[in-house]
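# A closer look at the structure
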Amino acid sequence: MGDMHEPPANPPSEGTVIIGMSGGVDSAVAALLLRNAGYSVQALFMSNWEDDDGYCTTAADFQDARRVCGILGITLHHVSFAQEYRERVFSHFLREYAAGRTPNPDVLCNREIKFGVCLEYMQRLGASWIATGHYAQIRRAGPRPELLKAVDGSKDQSYFLHSVAASALSKTLFPIGALRKTQVRKIAHAAGLPVFDKPDSTGICFIGERPFQEFLSSHLRTQPGPIETADGRIIGEHGGLSLYTLGQRSGLKIGGRAGAAAAPWYVADKISARNALIVVQEQDHPLLMSNSFTVEQMHWIDPSEASQQPFECMVKTRYRQGDLRCRLRLNGAGDWHVTLDQPTRAVTPGQYAVFYQGERCLGGGIIDQRFGSGPAAAAHRITYNSLFSMEGS
């Protein structure tokens, strides 16, 4: 396969590969590697958000993708999935907030858009394979594809891909999954691709670089309420529970309180019944620590994994977190109970718990409830509406 690091299930002569082009360096190098490996390659740029409010970079990203495709000599298609995105991702995002939960839109976008309606559209264009610039790998050693972590652990995106259907993964190539980011940029520079030094995208596509709380306030009704210490002392006022996330340190505006240590404050809990935000001054305060939690809407890449339980594996409860050893068992209600070997910080309902055996991603689901690691935590109701992490978007 030459520069390719992930051999396909069939030789390149069998059909066309259509790669999702974002306008960034990762998808540009993925397209380059596919072309150099002998594939018949086309590209597709999709627009998911079309508000012209000064924050969306879609127009500039499309021009970058067009320049790259011109250099590589490959056809670039352009399609808008803005309506589908609003229906399947953004509307769901807002509904979950209204219900007291918040999904991770990156996971939903991968499942519903990139590997959902976009994959179907690529197939209508004649794609036998699809490809993306994700940092992940696929192993085809049996009847089902296996989703593996990327070689570059600091860029691995298997966490965000865990809910993609096995049928979609079986048609997918991740050409840069065995490369490190530094290698990707070097390949782009050597090939004369103008995006070789383009900064990585940050934030969420429908929020962009705008202030996060400003965006939420424009779409959600917020009700100010008390900021309380763990022992019930009121020390300030919050702007609305949905504007804060578990473990958050900045933006609380409660520093320098009389009778309190000169230490940072952290969001430890949210009590919806009385609209109270609970804060503590210890980074590892018992209210922030959990030793178990439940997971709902579980998706297994290989459903047979669920037949052998309880079983031990590793879990991430947020992106960029180190793997945590855990034990899983199926509850009578159909959700999964996860017990951690060691308590961990800021397990957040609404986030995704993603499970691994070594480098292999098993699947994951939505964290429903967390259970504290001490008496202080047990005294609080630990179900709340939390914000998702924006890392790795």
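Just so we're clear, the structure is a prediction, and the values are computed from it rather than from any experiment.

Each value, and the rule that gives it
- Residues numbered from 1 in each chain as written.
- Predicted model: local features only at pLDDT ≥ 70, side-chain atom pairs only at ≥ 80, totals over all residues.
- Heavy atoms only, no water.
- Axes fitted to C-alpha atoms, helices over the stretch in contact; angles between N-to-C directions.
- Helix = DSSP H or I, 4+ residues; strand = E, 2+ residues; numbered from the N terminus.
- Parallel < 35°, antiparallel > 145°, perpendicular 65-115°, else oblique.
- Left-handed = near helix turned anticlockwise from the far one by under 90°.
- Contact = heavy atoms within 4.5 Å.
- Salt bridge = Lys/Arg side-chain N within 4 Å of Asp/Glu carboxyl O.
- Buried < 20%, exposed > 50% of the residue type's maximum accessible area, 1.4 Å probe, protein only.
- Pairing = 2+ DSSP bridges.
- Phe/Tyr/Trp six-rings, centres within 6.5 Å; stacked < 30°, edge-to-face > 60°.
- Lys NZ or Arg CZ within 6 Å of the ring centre and 35° of its normal.
- Arc of directions from axis to C-beta.
- pLDDT = per-residue confidence, 0-100.
- Core = buried A, V, L, I, M, F, W, Y, C linked by side-chain atoms within 4.5 Å.
- Expected span 1.5 Å × (residues − 1).

Before going further, it helps to examine the packing of helix α1 (residues 25-36) against helix α7 (residues 181-190). Packing of α1 against α7 brings their axes to within 9 Å, and their N-to-C directions diverge by 65 degrees. The orientation of α1 relative to α7 falls into the category roughly perpendicular. As for the relative orientation of α1 and α7, their crossing is left-handed in sense. Of the residues in α7, those in contact with Val25, Asp26, Val29 and Leu32 of α1 are Lys181, Val184, Arg185, Ile187 and Ala188.

Let us look at the pattern of salt bridges. All told, the structure shown has 17 salt bridges when counted by the stated rule. Here Asp61 makes a salt bridge to Lys198, at a shortest N to O gap of 2.8 Å. Residue Asp61 is located in helix α2 (residues 58-72), and its partner Lys198 is located in the loop between α7 and α8 (212-219); the two are separated by 137 residues in the primary sequence. Look at Asp61 and you get buried, because its relative accessible area is 17%. Measuring nitrogen to oxygen at the nearest pair gives 2.5 Å for the salt bridge that ties Lys149 to Asp323. Of the two residues, Lys149 sits in the loop between β6 (146-148) and α5 (158-161) while Asp323 sits in the loop between β13 (311-316) and β14 (324-330), which places them 174 residues apart along the sequence.

In any sheet, the strands associate via hydrogen bonds between backbone groups, in a parallel or an antiparallel arrangement. Pairing within the open sheet is parallel, and its five strands lie in the order β3-β2-β1-β4-β7. Looking at which strands have only one partner, the edges of the open sheet turn out to be β3 (75-80) and β7 (172-173). Pairing geometry for strand β2 (residues 40-47) and β3, over six bridges, is parallel. Residue Ser47 lies in a different strand from β3, and its bridge partner there is Ser80. Packed onto the sheet, α1 meets β1 (16-20), β2, β4 (127-131) and β7 and runs at close to 165 degrees relative to β1.

Any aromatic ring pair is given by two values, namely how distant the centres are and how the planes are angled relative to each other. Under the defined criterion, the tally for this structure stands at twelve aromatic pairs. Considering the side-chain rings of Tyr159 and Tyr319, the 6.2 Å spacing of their centres and the 50 degrees angle between planes classify their relative orientation as tilted. Taken as a pair, Tyr159 in helix α5 and Tyr319 in the loop between β13 and β14 lie far apart in primary sequence, 160 residues in all. Of the two residues, Tyr159 and Tyr319, neither departs from the other in class, the shared state being buried. Site record: aromatic cluster; members linked through ring pairs are Trp49, Tyr85, Phe90 and Phe93. The lysine or arginine in question, Arg86, covers the ring of Trp49, its NZ or CZ lying 4.2 Å from the ring centre.

Those residues of α8 lying buried are Phe212, Phe215 and Leu216. Looking straight down α8, one finds its buried side chains confined to an arc of 95 degrees; they lie on one side.

In this section: the environment of Leu32. In this fold, Leu32 is placed in helix α1. Given the relative accessible area of 6%, Leu32 is considered buried. Between the C-alpha atoms of Leu32 and Ala191, which are 159 residues apart in sequence, the distance is 8.5 Å. The contact partners of Leu32, leaving out residues within four places of it in the chain, are Leu72, Ile187 and Ala191.

Attention now goes to the pairing of strand β12 (residues 289-300). Inspection of the sheet shows β12 paired to strand β15 (residues 336-345) by six bridges, in the antiparallel sense. Opposite Ser292, over in β15, you have Thr339 as the bridge partner.

Take the confidence of the model for the protein next. Mean pLDDT over the protein works out to 86, with 85% of the residues at or above the 70 mark. A low-confidence stretch, residues 378-393 stays under pLDDT 50, and its non-local contacts, those more than four residues away or across chains, total 71 contacts.

Ranked by size, the top nonpolar core spans 55 residues in total, and within it Ile113, Leu147 and Leu252 carry the most contacts. Not counting residues within four places of it along the chain, the set of residues in contact with Leu252 comprises Ile227, Tyr244, Trp265, Tyr266, Val267, Leu277 and Val279. If you look at the next biggest cluster of nonpolar residues, it comprises 33 residues, including Ile19, Leu32, Trp129 and Leu173.

Let us now look at α2. Between its first and last C-alpha atoms α2 spans 21 Å; for 15 residues at 1.5 Å apiece the expected length is 21 Å, and the two agree. Along α2, the positions that sit buried rather than exposed are Thr58, Asp61, Phe62, Asp64, Ala65, Val68, Cys69 and Leu72. Down the axis of α2, the buried side of the element spans an arc of 160 degrees, and every buried residue falls inside it. Opposite the packed face of α2, turned more than 90 degrees from it, sit the exposed residues Ala59 and Gly70. Here the buried face of α2 lies against α1, β2 and β3.

Spatial ordering of the open sheet is given by β9-β8-β11-β10, a layout of four strands whose pairing is mixed. Two strands in the sheet have a free side with no partner beyond their single neighbour: β9 (234-238) and β10 (266-271). Across this sheet, the average inter-strand angle for adjacent strands is 30 degrees, counted without regard to direction. Relative to strand β11 (residues 276-280), strand β8 (residues 225-229) runs parallel, the two sharing three bridges. Looking at the pairing, Glu228 lines up with Ile278 of β11.

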